[in-house]
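Descriptive analysis of the structure
Each chain is listed here by its residues.
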Amino acid sequence: MELCLFTDSVPELTLEQTLDLAVESHISSVELATGGQSVAPHMDMAELLASGFARARFARTLASRGLRLAALNCSAWPMHPVHGQQDIAFIRDSIRLASALEIDKLVTMSGCPGDSPQARAINWIWFPWPDEGLELLERQWEEAIEVWADLTEMARAHGVTRIAFELHPLHLVYNVPSLMRLRDAVGPEIGANLDPSHLFWQQMDPLRVIEVLGPALQHVHLKDTELFGDQVALNGVLDPRSWEDTAQRSWVFRAVGEGNPESFWIAFLQALQDAGYDEELSIENEDPFLPGAAGVTRAAEFTRPLLADLPRPAAEPT
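Heads up: these notes are all about the structure in this document.

Rules behind the numbers
Residues numbered from 1 in each chain as written. Predicted model: local features only at pLDDT ≥ 70, side-chain atom pairs only at ≥ 80, totals over all residues. Heavy atoms only, no water. Pairing = 2+ DSSP bridges. Helix = DSSP H or I, 4+ residues; strand = E, 2+ residues; numbered from the N terminus. Axes fitted to C-alpha atoms, helices over the stretch in contact; angles between N-to-C directions. Contact = heavy atoms within 4.5 Å. Buried < 20%, exposed > 50% of the residue type's maximum accessible area, 1.4 Å probe, protein only. Arc of directions from axis to C-beta. Phe/Tyr/Trp six-rings, centres within 6.5 Å; stacked < 30°, edge-to-face > 60°. Right-handed = clockwise from strand over helix to strand, strands pointing away. Core = buried A, V, L, I, M, F, W, Y, C linked by side-chain atoms within 4.5 Å.

1. Concerning the sheet that holds strand β1 (residues 2-6)
Read around the closed barrel, the 8 strands follow the order β1-β2-β3-β4-β5-β6-β7-β10; overall the barrel is parallel. Averaged over neighbouring strand pairs, the angle between their axes works out to 30 degrees when direction is ignored. Alignment of strand β3 (residues 68-73) against strand β4 (residues 105-108), held across 2 bridges, turns out to be parallel. Each bridged residue has a counterpart across the sheet, and for L72 the counterpart in β4 is L106. Sitting on the sheet, helix α10 (residues 262-274) touches β6 (190-194), β7 (217-222) and β10 (280-283), and the angle it makes with β7 is about 160 degrees. Strands in contact with helix α11 (residues 293-309) are β1, β7 and β10; relative to β1, the strand with the most contacts, it is inclined by about 165 degrees.

Shown next as structure tokens:
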């Protein structure tokens, strides 16, 4: 496993400054957003799609620092009742760019439809009542399977063999059963981007999730969550209050090691290794107390020695 940097972590930096931060933090690869939900994409997808010269220049920018492009992130809202078709077109362009850059992995989200063709917002069903909600959920799944079967067919034709969904509430794919439902319906190209920060506040067990996902585990985001017991006691974890008012929230995202103890992260890395995962650990920083480069640096400094101390798997007998 190797440290990677999801460049959205430092929206205040230019691409060159971001890559230099990665080098300074002993990070060997990067995950770049192509647009969509990105707060500050560090690439111009239209230019890179249109120009082989621009792609060559981009590749040189990475290579000059000894960095590798690990994945493109094209998180968006396919099936959104207002801009879903626009987001599907954006994902298609991201597939084309991944192929042009010889990248076989996309990190994204499944999306979620509304409740009718006249809807203006998504309708995320998470409770088995009333009955019409469950009927809507089944119609949403029919749409999602059709959309992602089509996108996956295109990805396959372009040599993009891994589509890693972040398990994120408000999207149809947000936990292990929903991920496996789409994977079973569409194909093995569908997998998970495991971001434990979203599992913590849902009260899921990331270690069990790793064990069950097995080969469906395609990517990992390194991000932590801190829960505030006094707020959870009164408000629970379904908390719509502003990110800006951290003192009044039930939970906030944190840099790795700021929410859960080192013992958890040692077990987390060991579980990944036991599951056969040997790819990127992509630092994603959304810590309100350690924003930008400070959070990235903290996450890298925390994780590097844990990786170095991780027992290596026994060699296969010859």
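2. What about the side chain of T108?
Its location among the elements puts T108 in strand β4. Sequence-distant contacts of T108, defined by excluding residues within four places in its chain, comprise C74, S75, A76, I91, W148, I163, A164, F165 and E166.

3. Digging into the environment of A46
One can find A46 in helix α2 (residues 45-50). In this structure, the C-alpha to C-alpha distance between A46 and S94, residues 48 residues apart in sequence, is 9.8 Å.

4. Things to note about helix α8 (residues 206-213)
For α8, the complete set of buried residues consists of P206, V209, I210 and L213. Along the axis of α8, the buried residues cluster in a sector spanning 100 degrees; they form a single face. Packed against the buried residues of α8 are α6 (176-186), β6, α7 (196-201), β7 and α10. The positive-phi residue at the C-terminal boundary of α8 is G214, with phi of around 55 degrees.

5. What to know about the packing of aromatic side chains
The full count for this structure, using the stated rule, is 12 aromatic pairs. Between the aromatic rings of W124 and Y174, the centroid separation amounts to 5.1 Å while the plane-to-plane angle is 80 degrees, which identifies the pairing as edge-to-face. Of the two residues, W124 is situated in the loop between β4 and α5 (131-157) and Y174 in the loop between β5 (162-166) and α6; the sequence distance between them amounts to 50 residues. The buried category is assigned to Y174, whose relative accessible area is 19%.

6. A closer look at unusual backbone geometry
Omega for the bond connecting W129 with P130 falls within 30 degrees of zero, at -5 degrees, which places this linkage in the cis form. Its place among the elements puts P130 in the loop between β4 and α5. Within the chain, E102 stands out as a residue other than glycine whose phi angle is a positive 60 degrees. Structurally, E102 can be placed in the loop between α4 (84-100) and β4. Judged by relative accessible area, E102 falls into the exposed class, the value being 74%.

7. A look at the environment of V252
Looking at the secondary structure, you find V252 in strand β9 (residues 251-254). Residues V252 and W129, spaced 123 residues apart in sequence, show a C-alpha to C-alpha distance of 29 Å.

8. Examining the pairing of β6
In terms of burial, β6 is a largely internal element, 5 of the 5 residues being buried. Judged from the 4 bridges that link them, β5 and β6 form a sheet pairing that is parallel. Residue pairing in the sheet places I163 in a bridge with I190 of β6. With respect to chirality, the unit in which β5 leads through α6 into the neighbouring parallel β6 is right-handed. Pairing geometry for β6 and β7, over 3 bridges, is parallel. Counted as the bridge partner of L194 is V220 from β7.

9. Here we look at the nonpolar core
Core analysis: the largest hydrophobic core is formed by 84 residues, its most contacted members being W148, F268 and L272. Examining the composition of this core, we find that 9 residues originate from one element, α5, more than from any other. Excluding its chain neighbours within four sequence positions, the residues that come into contact with F268 are L194, P196, P206, L207, I210, V220 and L222.

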